[in-house]
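Listed here are the chains, written in short residue letters.
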Amino acid sequence: MAGNTSARRSQQERTRATTGALLAVARELFVSDGFSSTSLDAICARAGVTRGAFYHHFSNKEHIFREVYAADQKELGLIVRRAFQAEEDPWDGMAAGCRALLEASLEPAVRRVTLVEAPAALGWSVMRDIQAGCKEQMRRGLAIAVEAGCIPDRPLAPVTSLLYGGIRESALDIARAQDRHTALEDSLTQLGLVLAGIAGRPRPGCAHKNVAGDGPTPEVNAPDRPE
């Protein structure tokens, strides 16, 4: 029994190693050459595997691109979570997470995979399904901010869609801008104002904190919800 368990573990380790190598190589090629110009032969050759070994793990080039894209989205989610958790105040954490999502989406390799290649390779429906986890993470962050009294209570589904969709669309605009640095700074400034609006404040900051220069924090009532 011990021998069978060791054999299964070794096989699983070899599978993970091969899959990891293929994903790493594929990502490098997708970033450098683009999805359409990357061939399965090039992926297999650089990874040092046969086509048969490739097809044992992935059904086609679209499949491996989808896994590369999903891995990038998972990493973006981790970056956002770390930014959120680094702040003591939940609304400061939300702001930090939103900024981190926008900035990380524009890292050159991530930008090429997620913003340039993915729309043509996967289509918006598949992309949206893969992004669902990151979007849900944002909704949970908003819920935590509501519970902490940082922002007024309100229906979170539309707020999440508007905020998440706006950040993703801004990332696309910045990626296509001639001066990405200026476009990023402008977008971050406007993001701060959007978040201030959600928090019901004239300036960026948490609704239950009196930011210097704001004067007394106005009380903002949440819209009535139907029973």
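Up top is the structure.
Here's a quick rundown of the structure. (Residues numbered from 1 in each chain as written. Predicted model: local features only at pLDDT ≥ 70, side-chain atom pairs only at ≥ 80, totals over all residues. Heavy atoms only, no water.)

### What about helix α9 (residues 180–199)?
Part 1 of the reasoning: Here α9 is 20 residues long and its end C-alpha atoms lie 28 Å apart, about the 28 Å a rise of 1.5 Å per residue gives.
Part 2 of the reasoning: Of all the residues in α9, the buried ones are A183, L184, S187, L188, L191, G192, L195, A196, I198 and A199.
Part 3 of the reasoning: At its buried positions, α9 is contacted by α5 (90–105) and α8 (156–176).
Part 4 of the reasoning: Where α9 begins, one side-chain oxygen reaches toward the backbone nitrogen of H181, 3.4 Å away; that side chain belongs to D179.
Part 5 of the reasoning: Just beyond α9, the residue with positive phi is G200, at close to 75 degrees. (Helix = DSSP H or I, 4+ residues; strand = E, 2+ residues; numbered from the N terminus. Expected span 1.5 Å × (residues − 1). Buried < 20%, exposed > 50% of the residue type's maximum accessible area, 1.4 Å probe, protein only. Contact = heavy atoms within 4.5 Å. Polar contact = N/O pair within 3.5 Å; in protein donor to acceptor, adjacent residues only side chain to side chain.)

### Describing the pattern of salt bridges
Part 1 of the reasoning: The final tally for this structure, using the stated rule, is 7 salt bridges.
Part 2 of the reasoning: Between E75 and R82 there is a salt bridge, and its shortest N-O distance comes to 3.6 Å.
Part 3 of the reasoning: On the basis of relative accessible area, E75 is assigned to the partly exposed category, the value being 37%.
Part 4 of the reasoning: The shortest N-O distance in the salt bridge between E136 and R140 comes to 3.9 Å. Here E136 pairs with R140, and both are found in helix α7 (residues 124–147), just 4 residues apart, close to one helical turn. (Salt bridge = Lys/Arg side-chain N within 4 Å of Asp/Glu carboxyl O.)

### Quick look at the state of the cysteines
Note on terminology: a disulfide is the covalent bond linking the sulfur atoms of two cysteines.
Part 1 of the reasoning: On inspection of all chains with the given rule, the structure shows 0 disulfides.
Part 2 of the reasoning: Just so you know, C98 is unpaired, no disulfide at all, and the nearest cysteine sulfur is the one on C134, 9.8 Å from it.
Part 3 of the reasoning: Assessed through its relative accessible area of 9%, C134 is described here as buried. (Disulfide = S-S within 2.5 Å.)

### Side note on the side chain of R111
Part 1 of the reasoning: Turning to its location among the elements, R111 is positioned in helix α6 (residues 108–122).
Part 2 of the reasoning: Comment: no salt bridge for buried R111; closest opposite-charge side chain is E107, at 7.7 Å.
Part 3 of the reasoning: Residues contacting R111, with those up to four places away along its chain left out, are S105, L106, V116, A175 and R180. (Lys, Arg positive; Asp, Glu negative; His and termini not counted.)

### Some points on the packing of α5 against α9
Part 1 of the reasoning: Across the interface, α5 lies against α9 with an axial gap of 11 Å and an inter-helix angle of 150 degrees. Here α5 is positioned roughly antiparallel relative to α9, judged by the angle of their axes. Taken as a pair, α5 and α9 cross one another with a handedness that is right-handed. Seen from α5, the contacting residues are W91, A95, C98, R99, L102 and E103; seen from α9, they are L184, S187, L188, L191, L195, I198 and A199. (Axes fitted to C-alpha atoms, helices over the stretch in contact; angles between N-to-C directions. Parallel < 35°, antiparallel > 145°, perpendicular 65-115°, else oblique. Left-handed = near helix turned anticlockwise from the far one by under 90°.)

### Details of the packing of aromatic side chains
Part 1 of the reasoning: In this structure the tally under the stated criterion is 5 aromatic pairs.
Part 2 of the reasoning: Seen from their ring centres, F30 and F65 are 5.0 Å apart, and the 70 degrees between their planes marks the pair as edge-to-face. With F30 in helix α1 (residues 2–33) and F65 in helix α4 (residues 61–85), the pair connects residues that are 35 residues apart, well separated along the chain.
Part 3 of the reasoning: Overall, F65 belongs to the buried group, its relative accessible area being 0%.
Part 4 of the reasoning: Relative to F65, the ring of F35 has its centre 5.2 Å away and its plane inclined at 75 degrees; by these criteria the two rings are edge-to-face. (Phe/Tyr/Trp six-rings, centres within 6.5 Å; stacked < 30°, edge-to-face > 60°.)

### Brief notes about a negative patch on the surface
Part 1 of the reasoning: Side chains of E103, D179, E185 and D186 sit close together on the surface and give a patch of like negative charge.
Part 2 of the reasoning: In this fold, D186 is placed in helix α9.
Part 3 of the reasoning: The class of D186 is partly exposed, set by a relative accessible area of 46%. (Patch = residues over 30% accessible without salt bridge, like charges linked within 9 Å, V, L, I, M, F, W, Y side chains within 5 Å. Areas by Shrake-Rupley, 256 points an atom, 1.4 Å probe, with all protein chains shown as cover. Charge placed at Lys NZ, Arg CZ, Asp CG, Glu CD.)

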